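A look at the structure
The residues making up each chain are set out below.
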Amino acid sequence: MSATTWVPVIGLEVHCQLGTQTKLFCGCANRFGAEPNTLTCPVCTGQPGALPVLNQHAFDLALRAALALGCDIAPWSKFDRKNYFYCDLPKGYQISQYDRPYCSGGGITLASGKHVRLTRIHMEEDAGKAVHDAGNTTRVDLNRAGVPLIESVTEADMTSSEEAHAYLVALKEILQYAGVSDCDMEKGSLRCDVNISVHPEDEPWRTKVEIKNLNSFRNVSLAIEHEIGRQIAAYEAGAAIAQETRLFDPDRGETRTMRSKENEADYRYFPEPDLPPIPVDAALLERERGLLPEPAAERRARYRTELGLSEYDAGVLTSERGVADFFEAAVRASHDGTAKDLTNLITNELLAGLAGDEIEASTIAELPCKPHQLAELVALTQDGTITKKAARSVVREMMKTGRSPAELVRELGLEQVQDTGQIEAWCRSALEAKPQVIDAVRGGNDKAIGACMGAVMQASGGSANPEAVRDTLLRLIRESD
Amino acid sequence: MEGPDVDLVLETAALARLEVDAGEARTLGPQFAAILKHFEVLSELDVEGVEPTSVVSTELQVRTDEVRPSMPRDALVGNAPDPREGFYGVPRAIPKRDAGGQGGQS
Amino acid sequence: MTRFESYDATALRAAILAGELSAEQATRAALEAAESRGTALGAFLHVEGDAALARARALDARSRTDGEPGALFGVPVALKANMCLAGSPASCGSRILEGWRAPYDATFVERLLDAGAVPIGATNMDEFAMGSSCENSAFGVTRNPWDVSRTPGGSSGGSAAAVAAGIVPIALGSDTGGSVRQPAALCGTLGFKPTYGRVSRYGLIAYGSSLDQVSPFARSGRDLERVMGVISGADGRDSTCIEAPPLAIEPAPQDLTGLRVGVPAEYFPTDLDAGVRSAVEAGIDELRTLGAEVHEVRLPHTRYAIPTYYVVATAEASSNLARYDGVRYATRATGDGSLQGMIAATREAGFGDEVKLRILLGTYVLSSGYYDAWYGKASRVRTLIARDFETAFGEVDVIACPTSPSPAFALGEKTDDPVAMYLSDVMTVPASLAGLPAASVPCGALERDGRELPVGLQLIGAARDDAGVLGCARALQEARGPVAIAPMEGAAR
Ligand SMILES: [Zn+2]
C-alpha cells in the first residue's frame, strides 16, 4: 500500500505600513517607538466630532506598490467602514476598503520561476496597540492608530513553506525598493496571515485554515510546517479539519484555535460617508510610474553580467535598496574594474560597521561618508598610494567622521613606503628572525614567504607596499645563496 | 423580507454591544418589526442599474504629508475613565480576534 | 426684557459698535434670559456664564483699538450640545457623554469666535440628535415658547426655543433630517440647512454623517445670511466640505421678480393639517406678490423618503456611536469585568431607549444577509430621490412647501409610537437625502387650544444654491415683517 501524497495549498495576506511622515487621516507623526499616546489627536483617538482627511502621499505610495507589483489600478476606489469593537480601535470601526479596492491582480515571479498571483491590495488604517498586563488590566497606546497600511492578498498559489518564505522575501524587497515601506518586521511594519489547506494529489482542495499573529519570516515558515503536519496527521487519523482561525504560538511552535467559522465576526462593511470616492488620474499614475526604481532582481543580474560580481556579492548589495543605490553611486564615481574593491569595502566595512554599536547611523544613507569618497579611497589603492589593508582602516574613520580619504591617509601616515632601503632593512631583520623560511623557499615552497611578509607588514604598520616586500624578500633569499 | 423576531433583536443587540435582556427584547421586537414593516414600501421599487448614493459630496479633499503637532497627552488620556501611566486602562482584554491592522502583540 | 432683546444679531452688533451698549451688557442680558426663560423652557443643558462674560469683556477692551470688528461682534449665541467648544461640555443630551468636555474647537465654532460671537451655553437636544420633539434628551424635555405644553420640535429644540424666546438672536443647530427646519417651523423662527458640505462638520458630533449639516436659527433673513457668511467655506479638516469661499455676509437683497417657484403636490397630501395648508398657501401667495411665478412640480419618490432616510441615518449612526465604548472618554460602567462586558455595560447604561432602538435598526440593516435588502436598497432609492429634485430644478428655481405636516404637537403625544414620530419628518428628509439647501421661514400661525402656533414654509433650492434660498427666505421674511418673539404662553414668567 502506497502512502498518500499530500499537497499543501497556501495563500498569504500581508499588512505593510507605508513610509509616510504622517498618519493616514491626520497630521500626527507616523513614527515607531515614541512614548505612549504622544502621537495622537482628536482624529486618531476617535474623539466625538473629529473627521478623517486622506493623506495624499499615503495614497501615492500605495499606488507605487501596486505599480511595482504589476497590479491593475482601479479608475476610482472608495473607503469603507469595517465595524467591530476592541479597545485598540478608537472609532469602533476601521477605515478600510471592501468591495472597491484601489487595485487588483498583479503578482510576483519568484527566483524559482514560480509565479504567485495577487488577488488585490487595499488601503486601511492601523489599529492601536493593546498591552496585556500580568494583572487584570490591558493598557492601550494609540500612537499606531491611524498609521497607513496596505494589505495585499495572494491567490492560494504556494505549495510549501519555502515558497511562502521566498514570496515574502521578494515582496519585502519590492516594497522596500519602491520606497513604499521599510518593511521592518521587528517594528511591526510588515505583518502576515496565512491561509492553508492540504489535499491528496489528484483530489479537490479541502477546508482551509487561517493562521494569524505571524510576526517574523521564521514564524511564517514554522507555522506553515506545523500546520501542514497537523492537517495531514488529522486526515490520516480519519479526523476532519474545521474551517477556523488559528493563532501561532511562537514559544511552543504550534497553532491553536482562535475562533471557529460560526463565530466569524459580522463586520457590517458600508461606504465611509466621511470620505468621498478617490479618483486616480492618468497624470498621477505616470508620475508614480516614473518614480519606480529598477527592481532588485534586475540589478542583481546586471551586477553579475556587467560588473563581474559573484552571485553572493550581488545578493548582499541588493539586499537593501539604500545599499544598492550607494554602491551604484560609488561605481559611477570610479574607474572601471573597481567594482569588486568597492563591494568589499561596502560589505566588509560599511555594513559590518552599521551592524555594530560604534556607528550611530542605522542605514547606509545616514553615514557621514558618501559614495564618491569611497570611490576616491579605492582610487588611492589602485595607484599604489595605500594598501588595501590601509584602505580598510581609512574607511572605518570615514564612517565616523565623513572626512576625505586623502586627508585621513596623510594624517594616519598610511601612505605606502616606497623607500627600497627601508623595506630592505625590514626584510633583512625578518629573514634573520626566521631563517627556516629561506630553506623552505629554496625547497620550492614559495608560500612559506608569507610568514616573513606578515612580519614586515607589521613592522611597517601596514604601510609597506606588499608587492615590493615580496619582491625584496625573494631577491634577498636568492642573493643569500 | 422576514420580520425580525425577538432572537433577531437579541443577536443584533449583541453585534451592537447593547445589553438587551429578553424582557427588553420582547418590547423592542414589536417596535422593531413595526418600523421595518413600515419601511417595506422600499421593496416596491426597482433599483436595477441605479448607482447608490453613499456620500453626497463629489470631490475628495486631501491633505499633504506634513506633520502637525499632536495633542498634549493629558488633554486626551486625561479625559479617560482609567488613565494609567499615559495609557488608556481597560479591563484585561483577550488578545484581538480580528484581522485588519492587528499587531503581533499578545 | 430690554429693548435690545428684540434686536436681531445685525442690529445688536450695530448697537454695540455704536456704543449704545457693551458686549458685556448684551451677554449679561442673554445670560439672565437663559436663567429665567431658558430654565422655564428647559432650553439649555449648560450655561457657561463666566467664560461668556470674559469673552465679552475682551471684546469690549478690543473694540476701541483694533481694526475691522467681526461680523458677529458682541452677539451672544447658543450652540447645540453636539458642538465642540474647547473646554465646554458637549453631552449630546446623553448620559454616555455626561461630564465630557470637548478637547478642541469645531471649525464653525472657531469661525464664530473669530467673528466676535459670544457662546453662552449648550442647548438641549434629542439624544445624539435622534428625535423630532426634544423629548429624547437624557436631561429633560424642552418646551415650546408659544405653548409650553407642546414640543419645540427636534432635535435642535433647545436652540430653536432659545431664539424664539428672545434669549439669543441666533443659535446653531444641526440638521440631519429636518432637525433645524422642523423646530424652526414649530417655534416660529427662521432656520436654514445648507447644501451638504457648505459648512465644515469638523467638531459637530456625528449622527448621520452623510446627512448632518450645521444649521443656524435666526429671527431675520439677514441674520441667517450673516451667520452663514461666518461659518461657511472650505475646511481642510472635513473631506466632504465644498471647496468654495464663504457665502457673502451682507449680500444685496434678492429681487424675486420672475423667480420660478415650484410647488410639489406630494407635499400637500389630503390629510395635511388645514391650518398648515392655509398658512403655507398664504406664504406662497406672498412670494407671488413679490414677483415670483408659481409652477407645479412633481417629486414622485417622496413617499419613499422616510424609510430611505431612517435606513441610511440609523446605519451611519450605528457606526458613528460605536466609539462610545468607555475606553477613551466620558462614562464607563464595569459590567462583568471583561473588556467586552465593560463596553456593553457602558452602552447599556449610557444610551437612552430611542438611541438603542436606532442603533439596533442601523446594525440590522447593515448586517450580513440584510445589507442588500435594506442599506443597499435605500442608498439606491436615495439616488432616485435626488434625481427627482434635479429634474424639478430643471424647471424651477426654488421649491416651496410646508416644513412640517403639523404644528407643534403636545409633549408625550408621539413618544410611544416611533413610526408616528418618524413621519413628522416627512417634509424635511427628502432635501436632506439629496443634500440640498433648504430654509424654513415663518408664514403665519394657526390656533390650537386657544393658543397661536407658528407655521413654517420650507424653501428648497438646487445643490449649492444656498445664496438663492437665503435670498428668497429673507425676501419673504422682510415682506412679512419682523418675526415676533414668543409670548411664553403657559409658562411661569
Ligand atoms: Zn492624530
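Here is what the cut-offs are and how they apply
Residues numbered from 1 in each chain as written. Chains lettered and ligands numbered in written order. Predicted model: local features only at pLDDT ≥ 70, side-chain atom pairs only at ≥ 80, totals over all residues. Heavy atoms only, no water. Helix = DSSP H or I, 4+ residues; strand = E, 2+ residues; numbered from the N terminus. Buried < 20%, exposed > 50% of the residue type's maximum accessible area, 1.4 Å probe, protein only. Contact = heavy atoms within 4.5 Å. Lys, Arg positive; Asp, Glu negative; His and termini not counted. Charge placed at Lys NZ, Arg CZ, Asp CG, Glu CD. Rg over C-alpha atoms; globule rule 2.2 N^0.38 Å. Areas by Shrake-Rupley, 256 points an atom, 1.4 Å probe, with all protein chains shown as cover. Donors = N, O, S within 2.8 Å, 3.2 Å for Na, K, Ca; no water. Tetrahedral: all angles 85-135°; square planar, octahedral: opposite > 155°, others 65-115°. Disulfide = S-S within 2.5 Å. Buried area = accessible area lost by both parts, 1.4 Å probe. Salt bridge = Lys/Arg side-chain N within 4 Å of Asp/Glu carboxyl O. Polar contact = N/O pair within 3.5 Å; in protein donor to acceptor, adjacent residues only side chain to side chain. Nonpolar A, V, L, I, M, F, W, Y, C, P; charged D, E, K, R; others polar. Phe/Tyr/Trp six-rings, centres within 6.5 Å; stacked < 30°, edge-to-face > 60°. Lys NZ or Arg CZ within 6 Å of the ring centre and 35° of its normal. Pairing = 2+ DSSP bridges. Axes fitted to C-alpha atoms, helices over the stretch in contact; angles between N-to-C directions. Expected span 1.5 Å × (residues − 1). Core = buried A, V, L, I, M, F, W, Y, C linked by side-chain atoms within 4.5 Å. pLDDT = per-residue confidence, 0-100.

Turning next to the overall build of chain A. If you tally the helices and strands in chain A, you get 15 helices and 18 strands. The dimensions of chain A, computed from C-alpha atoms along their principal axes, are 95 × 65 × 50 Å. Counting over 481 residues, chain A shows a buried share of 57%. Residue pairs in contact within chain A that sit at least 24 positions apart in sequence constitute 68% of those at least 6 positions apart. Across chain A, the mean location of the 52 positive side-chain charges is 1 Å away from that of the 71 negative side-chain charges.

Once that is clear, we can look at the overall build of chain C. Check the secondary structure of chain C and you find 15 helices and 11 strands. Since a compact globule built from 493 residues should have a radius of gyration of about 23 Å, the 21 Å found for chain C is in line with a globular shape. Dimensions of chain C, computed from the C-alpha atoms along their principal axes, are close to 60 × 55 × 50 Å. In chain C, once contacts between residues fewer than 6 apart in sequence are set aside, the share between residues at least 24 apart is 76%. Looking at chain C as shown, the accessible area adds up to about 14,400 Å², and 49% of this sits on carbon and sulfur atoms. Charged side chains in chain C number 44 positive and 58 negative. The centres of these two groups are separated by 2 Å.

Coordination sphere of the zinc ion, protein contribution only: Cys26(A) (SG), Cys28(A) (SG), Cys41(A) (SG) and Cys44(A) (SG), at 2.3 to 2.4 Å. For the zinc ion, the 4 donor atoms in the first shell make angles of 100 to 114° at the metal, a pattern classed as tetrahedral.

For the rest of this paragraph, the subject is the state of the cysteines. In total, this model carries 0 disulfides over all chains according to the counting rule given. In this model Cys241(C) remains outside any disulfide bridge; the closest cysteine sulfur is found in Cys84(C), 16 Å from its own.

What follows covers the interface of chain A and chain B. Accessible area lost when the parts come together is the quantity often used to give the size of an interface. Contacts between the two partners involve 68 residues from chain A and, on the opposite side, 45 residues from chain B. Summed over both sides, the interface of chain A with chain B buries roughly 4,700 Å², with 55% coming from carbon and sulfur. Linking chain A with chain B are 1 salt bridge, by the criterion used here. Remark: the boundary between chain A and chain B carries 22 residue pairs in polar contact (both at pLDDT 80 or more). Going through the elements one at a time, strand 2 (54–55), helix 1 (56–68), strand 10 (129–132), strand 11 (137–141), strand 13 (190–200), strand 14 (209–214) and strand 16 (254–260) of chain A are the ones with two or more residues in the side of chain A that touches chain B. Of all the elements, strand 11 of chain A adds the most residues to the side of chain A that touches chain B, at 5 residues. Per-class residue counts for the side of chain A that touches chain B are 29 nonpolar, 21 polar and 18 charged.

Turning our eyes to something else, we now look at the packing of aromatic side chains. All names here are of chain C. This structure, assessed with the given rule, holds 22 aromatic pairs over all chains. Ring pairs connect the aromatic residues Trp100, Phe128, Tyr324, Tyr329 and Phe351, which therefore count as one cluster. Taking the ring centre of phenylalanine 409 as reference, the NZ or CZ of lysine 414 above it sits at 4.2 Å.

Turning our eyes to something else, we now look at the sheet that holds strand 4 (residues 170–175) of chain C. All names here are of chain C. The sheet built from 11 strands is open, its strands ordered 1-3-2-4-6-5-10-11-9-7-8 with mixed pairing. The sheet terminates laterally at strand 1 (44–47) and strand 8 (293–297), the two strands that pair on one side only. Taking each pair of neighbouring strands and ignoring which way they run, the sheet shows an average axis angle of 30°. Of the strand pairs in this sheet, strand 7 (residues 260–264) and strand 8 are connected by 5 bridges, and their pairing is parallel. Looking across to strand 8, one finds that arginine 260 is bridged to glutamate 293. Across the sheet, helix 15 (residues 466–480) is in contact with strand 5 (190–193), strand 9 (398–402), strand 10 (438–448) and strand 11 (451–461); its angle to strand 10 comes to roughly 30°.

Before going further, it helps to spend a moment on helix 1 of chain A. Residue and element names in this part refer to chain A. Helix length check: helix 1, at 13 residues, gives a terminal C-alpha distance of 18 Å against a target of 18 Å (1.5 Å per residue), a fit within 8%. Judged by how many residues are buried, helix 1 sits mostly within the fold: 10 of 13 residues are covered. Among the residues of helix 1, Ala58, Phe59, Asp60, Leu61, Ala62, Leu63, Arg64, Ala65, Ala66 and Leu67 are the ones counted as buried. Within two residues after helix 1, glycine 70 carries a phi angle of roughly 70°, on the positive side.

Counting 261 residues, the largest nonpolar core has Ile150(A) and Phe128(C) as the members making the most contacts within it. Discounting residues that sit within four places of it in the chain, Ile150(A) has contacts with Val14(A), His15(A), Cys16(A), Leu18(A), Ala62(A), Ala65(A), Tyr102(A), Ile121(A), His122(A), Met123(A), Leu175(A) and Val180(A). Counting 36 residues, the second largest nonpolar core, distinct from the first, contains Ala296(A), Ala324(A), Leu342(A) and Leu350(A).

Let's shift gears to the sheet that holds strand 2 (residues 83–84) of chain B. Across the sheet, which stays open at both edges, the 4 strands sit in the order 10(A)-11(A)-3(B)-2(B) with antiparallel pairing between neighbours. Bordering the open sheet on either side are strand 10 of chain A together with strand 2 of chain B, each of which pairs with just one other strand. As defined by bridge partners, strand 11 of chain A adjoins strand 3 (residues 87–91) of chain B across 4 bridges and the pair is classed as antiparallel. For Thr137(A), the partnering residue across the bridge sits in strand 3 of chain B and is Pro91(B).

Another point: the interface of chain C and chain A. Across the contact, 38 residues belong to chain C and 32 residues belong to chain A. The largest share of the area that chain C buries against chain A comes from Ser239(C), Arg323(C) and Arg328(C), three residues that together contribute 21% of it. On inspection of chain C and its partner chain A, the count reaches 1 salt bridge. Of the charged contacts in the structure, one is a salt bridge between Asp274(A) and Arg201(C), with a shortest N-O distance of 3.0 Å. Put simply, chain C and chain A have 18 residue pairs in polar contact (both at pLDDT 80 or more) between them. Taken together, the residues of the side of chain C that touches chain A sort by class into 19 nonpolar, 12 polar and 7 charged.

Okay, the environment of Asn348(A) next. Inspection of the secondary structure puts Asn348(A) in helix 8 (residues 339–355). Separated by 44 residues in the primary sequence, Asn348(A) and Arg392(A) place their C-alpha atoms 8.8 Å from one another.

Turning to the pattern of salt bridges, a few remarks are in order. Using the criterion set out here, one finds 71 salt bridges over all chains in the structure. Where Arg237(C) meets Glu110(C), a salt bridge forms, and the shortest distance between an N and an O atom there is 3.0 Å. Here the residue Arg237(C) occupies a position in the loop between helix 7 (221–231) and strand 7, and Glu110(C) occupies one in helix 4 (residues 107–114), the gap between them amounting to 127 residues. A single salt-bridge network, built from bridges that share partners, covers Glu294(A), Arg299(A), Arg302(A), Arg321(A), Asp325(A) and Glu328(A).

Another aspect to go through is the confidence of the model for chain C. Close reading of the predicted structure is inappropriate where its pLDDT is low. For chain C, per-residue confidence averages 96 on the pLDDT scale, and residues scoring 70 or more make up 99% of the total. Among the scores for the predicted complex, ipTM is 0.96 and pTM is 0.90.

Quick look at unusual backbone geometry now. Residues other than glycine predominantly adopt negative phi, and peptide bonds predominantly adopt the trans conformation. Note the cis peptide between Gly154(C) and Ser155(C), where omega equals 10°. Position of Ser155(C) among the secondary structure elements: in the loop between strand 3 (118–123) and helix 5 (157–164). Even without a glycine there, the phi angle at Glu85(B) is positive, about 45°. One can find Glu85(B) in the loop between strand 2 and strand 3. Assessed through its relative accessible area of 64%, Glu85(B) is described here as exposed. Although it is not a glycine, Arg464(C) sits at a positive phi angle of roughly 75°.

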